[in-house]
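Residue strings, one per chain:
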Amino acid sequence: MTIRLTIVDPNDPDAEHVRGFVQDRVVIGRARSCDICLPDMAVSTRHLEIKVEGNDYKVVDLGSLNGTYIAGKKLVAHRPKILHNEDVIHAADFKIRFSLGVFPIPMDVGAESTRQARRMVASLLTGASSRGRLPTILVLGGPGKAGRFEIPPAPSRMVIGRTRDMDIQLEDRDLSRAHAEIVFEDGVIRVNDLGSKNGIVVDGQRVETLELESGQSFVVGNTTLALEHPADELLASIQEAPEEETSSFLIEKNERDTEPPVEAVSPAKQDPTEPVKEPTIPVGPEDPLSYPGQPGYLRTTHEMPRPPIEPGSDLGLIIIGAIIVVAAVAGLVFLFT
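Residue positions are counted from 1 within each chain, in the order its sequence is given. Restriction of local features to residues with pLDDT of at least 70 applies here, the model being predicted, together with a cutoff of 80 or more for giving and counting side-chain atom pairs; totals for whole chains, interfaces and linings are based on all residues. The side-chain values count all of the structure's non-hydrogen atoms but skip hydrogen atoms and water molecules.

### Let's talk about the sheet that holds strand β15 (residues 168–169)
For step 1, the next point in the chain: Spatially, five strands are ordered β15-β14-β16-β17-β20 in an open sheet, and the strand pairing comes out mixed. With partners counted over all chains shown, the strands left at the sheet margins are β15 and β20 (209–211), one partner each.
For step 2, the next point in the chain: Strands pair, by our definition, only if DSSP identifies at least two bridges between them. Helical segments are the DSSP runs of H or I of at least four residues, strand segments are the runs of E of at least two, and each set is numbered from the N terminus. As defined by bridge partners, strand β14 (residues 156–161) adjoins strand β16 (residues 180–185) across five bridges and the pair is classed as antiparallel. Looking at β16, one finds that Met158 is bridged to Ile182.

The structure is reproduced here in structure tokens:
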């Protein structure tokens, strides 16, 4: 049986990232090695996992700093909890809806995880042109080497060709007038062939369309181009941050409090049918040096037994003390006379 996980990014709540899996264990966190990467410093490197045990799917918090929640209840770390269809898991501010069924599965889970994380990070950089944080097409080789062409915010389209009316004009005789186009939408950047003579070449193979990743190069005519995406630099810094840098202050309590505060009931609100609870009396004295017989002394439940005091023993001690005092005074008188 396969599962579908629908992820809602708090930075773009209108967009949903859907992932399908047909494996016994899915690890979720912000590390590059996770099956699902949530690029946020409030997420631990390995935050939680969904696994198959017998006939059940279970979710396990992997000891994350900020915890994992279902229906407002925090999971106990390393204690599996059974998942039901359409359960919603909270990790930091991300929502992950668990669904059972048959769904399309990507060929390369690792590459899909990176693409999904890049889309999330790219949403943070939307409209960042004033800070120079737009994706850029670099000219690595051929005519116009070292040129840079910024891609406008999505949705956008740029045409590559050799005429002056092209968005990316290259003085390359092997290019067609309108050779290819760069399309930026839904957080993904693609290059599409526009029916050119020489096409788009990647690793020696001609392709009609290509989804670009940061640093990936392709050839049009006699020119080598590559994509530089600012999201990859930010994504790498999040994925490679040590576990101790995971932020905990980003978690909003709201509905995630595990227990509501207990409100004290005043005597006016006390139900007359319920027995009145007497206040608990503290056990033992507040002063550890207090002794039996002192006002306010309360015997403790674990007090060590004390030897009994025999009647009349106090009188004997008083007589002995008086004799000692008289002898001392008589000695002093004798010395000074």
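### A word on the nonpolar core
A general feature of soluble globular proteins is that nonpolar side chains tend to end up buried together.
For step 1, the next point in the chain: Ranked by internal contacts, the top residues of the largest apolar core, which has 24 residues, are Leu5, Ile28, Leu38 and Ile50.
For step 2, the next point in the chain: When contributions to this core are tallied by element, the ones reaching two or more residues are β1 (3–8), β3 (25–29), β5 (48–53), β6 (56–61), β10 (88–91) and β11 (94–100).
For step 3, the next point in the chain: In this analysis, two residues are considered to be in contact whenever any of their non-hydrogen atoms come within 4.5 Å of each other. Discounting residues that sit within four places of it in the chain, Leu5 has contacts with His17, Val18, Arg19, Phe21, Val26, Ile28, Ile36, Ile50, Ile96, Arg97 and Phe98.
For step 4, the next point in the chain: Nine residue types can take part in a nonpolar core, namely buried Ala, Val, Leu, Ile, Met, Phe, Trp, Tyr and Cys, and a core is a set of them joined through side-chain atoms within 4.5 Å. Buried means the residue's accessible area, taken with a 1.4 Å probe over protein chains only, is under 20% of the maximum for its type, while exposed means over 50%, and partly exposed covers the values in between. Ranked by size, the runner-up nonpolar core spans 21 residues in total, among them Ile151, Ile160, Leu175 and Leu210.

### Here we look at the confidence of the model for the protein
For step 1, the next point in the chain: pLDDT runs from 0 to 100 and stands for how confident the predictor is about each residue. Taken as a whole, the protein shows an average pLDDT of 80; of its residues, 74% reach a score of 70 or greater.
For step 2, the next point in the chain: When the criterion is pLDDT under 50, residues 251–269 qualifies, and its contacts beyond four places in sequence or with other chains add up to 16 contacts.
For step 3, the next point in the chain: Taken as a whole, residues 281–285 scores under 50 in pLDDT and shows twelve contacts with residues more than four places along the chain or in a different chain.

### Some points on the pattern of salt bridges
For step 1, the next point in the chain: Every case where a carboxyl oxygen of Asp or Glu lies within 4 Å of a side-chain nitrogen of Lys or Arg is listed as a salt bridge. Counting across every chain of the model gives 13 salt bridges.
For step 2, the next point in the chain: Its salt-bridge partner being Glu112, residue Arg119 comes within 3.9 Å of it at the nearest N-O pair.
For step 3, the next point in the chain: Of the residues examined, Glu112 reaches a relative accessible area of 16% and is grouped as buried.
For step 4, the next point in the chain: Several salt bridges share partner residues, and in doing so they unite Glu112, Arg115, Arg119, Arg190, Glu211 and Glu213 into one network.

### Points about the packing of aromatic side chains
For step 1, the next point in the chain: Aromatic pairing here means that ring centres of Phe, Tyr or Trp (its six-membered ring) are within 6.5 Å. Orientation follows from the plane angle: under 30 degrees is stacked, over 60 is edge-to-face, and everything else is tilted. Scanning the model with the defined rule gives one aromatic pair in all.
For step 2, the next point in the chain: Plain terms: the ring middles of Tyr57 and Phe98 are 5.5 Å apart, the flat faces sit at 55° to each other, and that makes the pair tilted. Here Phe98 lies in strand β11 and Tyr57 lies in strand β6, a separation of 41 residues in the sequence. Just as Tyr57 is buried, Phe98 falls in that class too.

### Side note on unusual backbone geometry
For step 1, the next point in the chain: Omega for the peptide link from Ala154 to Pro155 comes to -5°, which places this bond in the cis form.
For step 2, the next point in the chain: In this fold, Pro155 is placed in the loop between β13 (148–150) and β14.
For step 3, the next point in the chain: Phi angles above zero are rare outside glycine, and His78 is one such case at about 65°.
For step 4, the next point in the chain: Of note, His78 is situated in the loop between β8 (73–74) and β9 (81–82).
For step 5, the next point in the chain: Here the phi dihedral of Ala146 falls at roughly 80°; this positive angle occurs in a residue that is not glycine.

### A word on the environment of Tyr69
For step 1, the next point in the chain: On the secondary structure map, Tyr69 appears in strand β7 (residues 68–70).
For step 2, the next point in the chain: When its relative accessible area of 9% is taken as the criterion, Tyr69 is described as buried.
For step 3, the next point in the chain: In sequence terms Tyr69 and Val88 are 19 residues apart; their C-alpha atoms lie 8.6 Å from each other.

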